[in-house]
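Below, each chain spelled out in residue letters.
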Number of protein chains: 2
Amino acid sequence: MEKRLFALTLALILGSVFLVHLGRDNETGRTLIRNASMVLTMDSALGTLEDADVLIEGDHVASVGKGMSAAGAKVIDGKGKIVMPGFVDLHTHLWQSLIRGCATDKELNGWLNGCVLPLRGSPVDGTDAYAGTRLSTLDSISTGVTTVTDWSHAFNPDFARGNLRALTDSKQRFVFAFMASADSWVAPEVRRVKKDVIDRSPLAHLMIGTHPASWNVADVEAAEKLSEELDVPLNVHLLESKADPATDQMGVLRRAGALRPGLLANHVVHATDAELDELAAHDVRIAHNPLSNMRLASGVARVPDMKARNLRVGLGLDGGTNDTSDMFNDMRAAVGLQRAQSADPARYPTPADVLRMATLGGAEALGLEKQIGSLTPGKKADLQVIDAQALNFAPKVDWTSQLVFNTQPVNVQWVFVNGVALKKNGRAVGDTERVIADAQAAADRVRKYLDR
Amino acid sequence: MEKRLFALTLALILGSVFLVHLGRDNETGRTLIRNASMVLTMDSALGTLEDADVLIEGDHVASVGKGMSAAGAKVIDGKGKIVMPGFVDLHTHLWQSLIRGCATDKELNGWLNGCVLPLRGSPVDGTDAYAGTRLSTLDSISTGVTTVTDWSHAFNPDFARGNLRALTDSKQRFVFAFMASADSWVAPEVRRVKKDVIDRSPLAHLMIGTHPASWNVADVEAAEKLSEELDVPLNVHLLESKADPATDQMGVLRRAGALRPGLLANHVVHATDAELDELAAHDVRIAHNPLSNMRLASGVARVPDMKARNLRVGLGLDGGTNDTSDMFNDMRAAVGLQRAQSADPARYPTPADVLRMATLGGAEALGLEKQIGSLTPGKKADLQVIDAQALNFAPKVDWTSQLVFNTQPVNVQWVFVNGVALKKNGRAVGDTERVIADAQAAADRVRKYLDR
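(A) Highlighting the domain arrangement of chain A. All names here are of chain A. Segmentation of chain A into domains returns domain 1 (29-85 + 375-428) and domain 2 (87-366). Each of domain 1 and domain 2 has a C-alpha centre, and the two are 28 Å apart. With 27 residues of domain 1 at the contact, the number on the domain 2 side is 29 residues. Of the roughly 2,100 Å² buried between domain 1 and domain 2 on both sides combined, carbon and sulfur atoms contribute 71%. Applying the counting rule to domain 1 against domain 2 returns one salt bridge. The shortest N-O distance in the salt bridge between Asp382 and Arg173 comes to 2.7 Å. Inspection of the region where domain 1 meets domain 2 yields six residue pairs in polar contact (both at pLDDT 80 or more). Contributing elements (two or more residues each) for the side of domain 1 that touches domain 2: β5 (81-85), β14 (383-387), α13 (399-405), β15 (412-417) and β16 (420-424).

(B) Structural view of the relation of the copies chain B and chain A. Relative to chain A, chain B is turned by 180 degrees and slid 0.0 Å along the rotation axis, the superposed coordinates differing by an RMSD of 0.0 Å. In symmetry terms, the pair is related by a two-fold rotation axis. Rotation axis and chain B: the residue whose C-alpha lies nearest the axis is Val410 of chain B, separated from it by 3.3 Å. Both copies share a contact surface, since 100% of the interface residues of chain B are interface residues in chain A too.

(C) Broad picture of the packing of aromatic side chains. The final tally for this structure, using the stated rule, is 16 aromatic pairs over all chains. On the basis of an interplanar angle of 55 degrees and a centroid distance of 6.2 Å, the ring pair of Phe178 of chain A and Trp185 of chain A is categorised as tilted. Ring centres 6.2 Å apart and planes at 75 degrees place the aromatic pair Phe393 of chain B and Trp399 of chain B in the edge-to-face group. Judged by its relative accessible area of 0%, Phe393 of chain B falls in the buried class. Judged by its relative accessible area of 5%, Trp399 of chain B is buried. Three or more aromatic residues link up through ring pairs in this structure, and these residues are Trp95, Phe155 and Phe159 of chain A. Across from the ring centre of Phe405 of chain A, 5.6 Å away, lies the NZ or CZ of Arg295 of chain B, which sits over that ring.

(D) A look at the environment of Asn329 of chain B. Take Asn329 of chain B: it is sitting in helix α11 (residues 327-342). Expressed as a C-alpha distance, the spacing of Asn329 of chain B and Val404 of chain B, which sit 75 residues apart in the sequence, is 7.5 Å. Dropping the residues within four chain positions of it, Asn329 of chain B is found in contact with Asn329 and Arg332 of chain A together with Leu291 and Thr324 of chain B.

(E) Here's a closer look at the pattern of salt bridges. Within the structure shown, the criterion is met by 52 salt bridges over all chains. Between Lys380 of chain A and Asp59 of chain A there is a salt bridge whose closest N-O contact spans 3.0 Å. Residue Lys380 of chain A is found in the loop between α12 (351-366) and β14, and its partner Asp59 of chain A is found in the loop between β2 (48-57) and β3 (60-65); the two are separated by 321 residues along the sequence. For Asp59 of chain A, a relative accessible area of 28% gives the class partly exposed. For Glu57 of chain B, the salt bridge is made with Arg30 of chain B, and the minimal N-O distance between the two is 3.1 Å. One end of the pair, Glu57 of chain B, is in strand β2 (residues 48-57); the other, Arg30 of chain B, is in strand β1 (residues 30-40), and 27 residues separate them in sequence.

(F) The sheet that holds strand β9 (residues 204-210) of chain A, seen in detail. Residues and elements named next belong to chain A. An order of β6-β7-β8-β9-β10-β11-β12-β13 is seen for the eight strands of this open sheet, with the pairing classed as parallel. Of all the strands in the sheet, the pair left with one neighbour each is β6 (87-92) and β13 (313-315). On average, each strand axis in the sheet is inclined to that of its neighbour by 25 degrees, with strand direction left out of account. In this sheet, strand β8 (residues 173-179) lies alongside strand β7 (residues 145-152) in parallel orientation, the contact comprising six bridges. Within β8, the residue paired with Ser152 across the bridge is Phe178.

(G) Structural view of the interface of chain B and chain A. Taken together, the contact between chain B and chain A spans 60 residues of the former and 60 residues of the latter. When chain B packs against chain A, close to 4,700 Å² is buried across both sides, 59% of that on carbon and sulfur atoms. Applying the counting criterion to the chain B and chain A interface returns zero salt bridges. For the side of chain B that touches chain A, the secondary-structure elements that each account for two or more residues are α3 (126-142), α9 (290-295), α11, α13 (399-405) and α14 (432-447) of chain B. Examining the composition of the side of chain B that touches chain A, we find that seven residues originate from one element, α11 of chain B, more than from any other. Across the side of chain B that touches chain A, the residue classes tally to 27 nonpolar, 18 polar and 15 charged.

(H) Main features of the sheet that holds strand β11 (residues 264-267) of chain B. All names here are of chain B. Ordered in space as β6-β7-β8-β9-β10-β11-β12-β13, the eight strands form an open sheet in which the pairing is parallel. Looking along the sheet, the strands with just one partner apiece sit at the ends: β6 (87-92) and β13 (313-315). Recorded for the sheet is a direction-independent mean angle of 25 degrees between the axes of neighbouring strands.

Procedures and definitions
- Residues numbered from 1 in each chain as written.
- Chains lettered and ligands numbered in written order.
- Predicted model: local features only at pLDDT ≥ 70, side-chain atom pairs only at ≥ 80, totals over all residues.
- Heavy atoms only, no water.
- Domains from an automatic or database assignment.
- Contact = heavy atoms within 4.5 Å.
- Buried area = accessible area lost by both parts, 1.4 Å probe.
- Salt bridge = Lys/Arg side-chain N within 4 Å of Asp/Glu carboxyl O.
- Polar contact = N/O pair within 3.5 Å; in protein donor to acceptor, adjacent residues only side chain to side chain.
- Helix = DSSP H or I, 4+ residues; strand = E, 2+ residues; numbered from the N terminus.
- Least-squares fit on C-alpha atoms with pLDDT ≥ 70 in both.
- Phe/Tyr/Trp six-rings, centres within 6.5 Å; stacked < 30°, edge-to-face > 60°.
- Buried < 20%, exposed > 50% of the residue type's maximum accessible area, 1.4 Å probe, protein only.
- Lys NZ or Arg CZ within 6 Å of the ring centre and 35° of its normal.
- Pairing = 2+ DSSP bridges.
- Axes fitted to C-alpha atoms, helices over the stretch in contact; angles between N-to-C directions.
- Nonpolar A, V, L, I, M, F, W, Y, C, P; charged D, E, K, R; others polar.

What follows is the structure in structure tokens.
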């Protein structure tokens, strides 16, 4: 019996490998992007190349250079195109495509009270979570995102599982921030998820989500304990709304021992100088979400002051609190908000700065810079190919700037994650029509529980 | 001889009419958008309809309602789609697609000195102006703009003619703001343009552009005189940069007698209370360009204070000074900038407010509200059809808000101007590839004269 089970398992595994192999675009797992008009490597040693090739082999970037030959490789013509690393969306809530357009007249707490908190204890389930997350991942791929940090409210175990299934099905690289609490089901479920899902996938990473506030100390302590036990970072919303400082967020984190390297703090709009100093001293990482800060009237984050303290800052779309799923728009908002506020065009960040924040900067914030964030040979093949021969982009004047100010998601022609094409010839791979229909059905179910 | 010429002319006219007729999509010139999931009429008497039809007959909206039949009409399936008025881009410089990406690290005057002013007296010509403008018009159509206010620097007569030819070829509705000066060629050329081009086209309107400043009084006076003679409005950049108040712009306008109803003032970022009062007292119209104000570090315009004074305000993309040709982004920037600055989600404008500003508001600012700006039967058929069944837009929760926060230009499926389809099934009508190649060639010529 034992032997039969083993043989059956082996057959299943071998069969799956064979099917995956058949599903590849080519036999060798090699793709050559040939003669790209610009290759923005984001690797300071390689710089930016013109009329160059990028060779993908298996899951990684094999080489970047000129005049490559690669027999048997699938070839993508790079003429008139830009190759650059895929975006790292450092902060989002993928399930929240189900509440797009909800309470767009409210600030953070009004929006939370109307559109998110009522779902705690409501019968939202894994089917709902799957539907919202699946839609968001396809949308995210469409705008060139290859790694997504998904802060999940994990309302119940089934919801968390549905959320994770959709992330796995997306084939994007992901960090799942599981909102933990002192509730008895949470720690065992998070441990199980780590063992059964995260540790088995080359694409998956785990964080522990929590919300530091004076009314939430027990949950923060439980989350910090789990974060230490599993050796994965904590991921929190920090000083986002002008109401947040009154909840002693910094004090709660400090006393829980959570201010330590790797902590990912989202937003950090209403921080004092001393608080920024303290975050920098503990090598806390920051996700800046300018579009969300605009939609929710949160304010303008002190990004130049973070830069002055060498804090690692990446960019997030923060879906749900921001319905705009356009990373180019997020980059230009990061530039433009600072400029409009200061009336200083030299203010940090510049277009080149936000391109780094949206790629290598996000990778560094996650501690994944050895794997992703630049087109460095040996790193994972997470990249995008952008068509610069478009009405909204041409003619060529200064492409680095045009990537930030001109580009629209529709210009993203190809997206590769771990060497696998997830957007091909301008279309995200997947049954878009069905995904949209499923998300609509889930949104209609979820709406019943909202306080709108 | 006289008779033969008459016969020949008649034959040519009849032939042209026949050819135009053949070029129509259907024989009756009727298009029925059937069963649209939402029709946002922007007409306060009609409101917003669900599952409704819009009938276009010839150049106008024939009716809006339910269950229409229209034998022989071309039918567009409106299921899952939103029909709304086309956008009025109240301020732009279409030729400036040739300098996209130029000096994106500079504020207004640095950018002007590097990228615009060097072209005065340079041999830029009508071919260049045509190429840049043609690209911009196709791009503008792609994002749902049906009326464009093109402030042309008109560097020389040939440049102005090329600019106008491209506008005419675009089939968009346009207002050509011809930058006038005291130079001897200008007034006769503007008079000729009005007689030969503007007055002969149902789509064309004229304004006189000038730049009020203490160092430019003679030109402003010449422009104001021409504006009065031709009975067309003046169109100026006003208090855009923080350096502008020192040039006595308001005083120059006041003394020239130019502060009068219909004057279109672009930007108005650095106005005092008294100056806003004065603009309101004279029924001056304002073009708000939030994306441009962000890119050029101009500041945050006092839009709520304009609203409080009942000033008529529309939205502009301001191409060139803002490379982002996405009217949806422009709308959400108008909302988000105010919210981020004030930390008040109720601050004017709301999503519904910017939808009005971008359509009927712009039409009112131009004095064209009886012709365009809403889907009122009898008004011109300038409208767009937006696909809401897209990864970045679905599911349906609150479409009014989603139009502002979620939409991307790629979602615009159809654009009609004066009843003629200029974007069909998601593609702008035109030889895109050739237009892009011509614009690149022109950009390469123009670049030689820039001070970069």
